[in-house]
Each structure stands twice: as structure tokens, then as C-alpha cells.
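As a plain string of letters, each chain reads:
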Amino acid sequence: MKLYLLSLGAGLLVGIVYSLLNVRSPAPPVVALVGLLGILVGEQLIPFAKTLISKEPVAVSWLNQIKPHMFGHMPKGDVRNDVVVSRQDQTQSDS
């Protein structure tokens, strides 16, 4: 989650700098997101092609290379977040 917040913060910072310089973003948001998706998928084409050429099962490439890179480590609902735990500890110590 920290990575997502840092990414959002970096984006906000760039947006503020653009605003202060009176510069419009180089692409509409949807076009920019589609471009980022293209970059992400394009990064995986060479490793995927190598998997096909070496005649390894495609599932191996998907599970070990493509899926972790494209989707990252998704947050799990059953794992307690450190922030939540520390807040609960703080409220218990306050009472």
C-alpha cells in the first residue's frame, strides 16, 4: 500500500508543478493510462516469447514472470495492516 501512496504522491507533486508552471499535461488522462498499459504489456513480450521459444509451459511464464510484474503484490484482506494495528494499540493504551 505504501508504494501506491508514494506513486499517488509523486503524481500529485508533478501535477502541482505543472499547475505552477501553467503547463497542461502532455496527454489526456485516458490516453496516458492506455500508454502506460502498453508499456507494461510491452515489457512482458520478450520474456513471454523466450518462454514460447524454449517450449516451456506458458503457465510457468505467467505465474513466475508476467503476473507478479503486471499486478504486483495485491493486498490481502485477511492480513492486518501495520497502521491499523498501531492505531488499535494506541486507542487501547489511551483508554
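Here the structure is shown first, and the text comes after it.
Residues numbered from 1 in each chain as written. Predicted model: local features only at pLDDT ≥ 70, side-chain atom pairs only at ≥ 80, totals over all residues. Heavy atoms only, no water.

Looking now at the environment of Pro47. Relative to the helices and strands, Pro47 resides in helix H2 (residues 29-53). You can call Pro47 partly exposed: its relative accessible area is 22%. Each C-alpha atom of the pair Pro47 and Ser61 lies 7.6 Å from the other, and the pair is 14 residues apart in sequence. Not counting the four nearest positions on each side in its chain, Pro47 is found in contact with Ser61 and Gln65. (Helix = DSSP H or I, 4+ residues; strand = E, 2+ residues; numbered from the N terminus. Buried < 20%, exposed > 50% of the residue type's maximum accessible area, 1.4 Å probe, protein only. Contact = heavy atoms within 4.5 Å.)

Attention shifts here to the packing of H2 against helix H3 (residues 58-71). Axis separation between H2 and H3 bottoms out at 10 Å; the angle between their running directions is 160 degrees. Between H2 and H3, the interaxial angle falls into the category roughly antiparallel. Considering the relative orientation of H2 and H3, their crossing is right-handed. Residue-level contacts link Leu40, Val41, Glu43, Gln44, Pro47, Phe48, Thr51 and Leu52 of H2 to Val58, Ser61, Gln65, Ile66, His69 and Met70 of H3. Among the residues making up the contact of H2 with H3, the classes are represented as 8 nonpolar, 5 polar and 1 charged. (Axes fitted to C-alpha atoms, helices over the stretch in contact; angles between N-to-C directions. Parallel < 35°, antiparallel > 145°, perpendicular 65-115°, else oblique. Left-handed = near helix turned anticlockwise from the far one by under 90°. Nonpolar A, V, L, I, M, F, W, Y, C, P; charged D, E, K, R; others polar.)

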